[in-house]
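# Descriptive analysis of the structure
Here is what each chain is made of, one letter per residue.
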Amino acid sequence: MDHLPQDPMMMVSAVNMLLRDDEFDSLEDLCAYFDRDVEALKESLLTVGYAYNEGQRQLRPVECDIL
């Protein structure tokens, strides 16, 4: 993959796949590789209901992480 998708739902899928398949050790590493700002990516995906769960190394629906 040479770039991250622009569509937010496709980006969630791509980021989760790249982290799951151990292509990158962290969201920060992934963002550095694709020249993306970590906080801007998180904010963008939060607007569609996804947040990064560092413990699970994946983007998850916000309602899944509410206790």
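Structural notes, computed from the coordinates. (Residues numbered from 1 in each chain as written. Predicted model: local features only at pLDDT ≥ 70, side-chain atom pairs only at ≥ 80, totals over all residues. Heavy atoms only, no water.)

### Observations regarding the pairing of strand β1 (residues 50-53)
Selection rule: Paired strands, in this sense, are two strands between which DSSP finds at least two bridges. Helix and strand labels come from DSSP, where a helix needs a run of H or I of at least four residues and a strand needs a run of E of at least two; each type is numbered from the N terminus.
Where β1 lies against strand β2 (residues 58-61), 4 bridges are found, and the strand directions are antiparallel. Of the residues in β2, the one forming a bridge with Tyr50 is Pro61. Here β1 folds back onto β2, and the loop between the two strands holds 4 residues, one of which, Arg57, carries a positive phi near 50 degrees.

### Some points on the environment of Val38
As a reminder of what qualifies: The buried label goes to any residue with under 20% of its type's maximum accessible area, the exposed label to any with over 50%, and the partly exposed label to all in between, with areas taken from a 1.4 Å probe on protein chains only. Note on definitions: a residue-residue contact is assigned when non-hydrogen atoms from the two residues lie within 4.5 Å.
Structurally, Val38 can be placed in helix α3 (residues 38-46). A relative accessible area of 14% means that Val38 is categorised as buried. Residues Val38 and Glu23 lie 15 residues apart in sequence; the distance between their C-alpha atoms is 17 Å. Those residues within four positions of Val38 in sequence are excluded, and the remaining contacts are Leu27, Glu28 and Cys31.

### With respect to the packing of aromatic side chains
As a reminder, the rule being used: In this analysis, rings of Phe, Tyr and Trp, with Trp reduced to its six-membered ring, are considered paired at centre separations within 6.5 Å, and the interplanar angle assigns stacked below 30 degrees, edge-to-face beyond 60, and tilted for intermediate values.
All chains considered together, the criterion is met by 3 aromatic pairs. Here Phe24 and Tyr33 contribute two aromatic rings whose centre-to-centre distance is 5.3 Å and whose plane-to-plane angle is 55 degrees, an arrangement assigned as tilted. Residue classification places Phe24 among the buried residues on the basis of a relative accessible area of 13%. On the basis of an interplanar angle of 55 degrees and a centroid distance of 6.0 Å, the ring pair of Phe24 and Phe34 is categorised as tilted. Separated by 10 residues along the polypeptide, Phe24 in the loop between α1 (8-20) and α2 (27-33) and Phe34 in the loop between α2 and α3 bring together distant segments of the chain.

As far as function goes, none of this settles anything; it's purely spatial.
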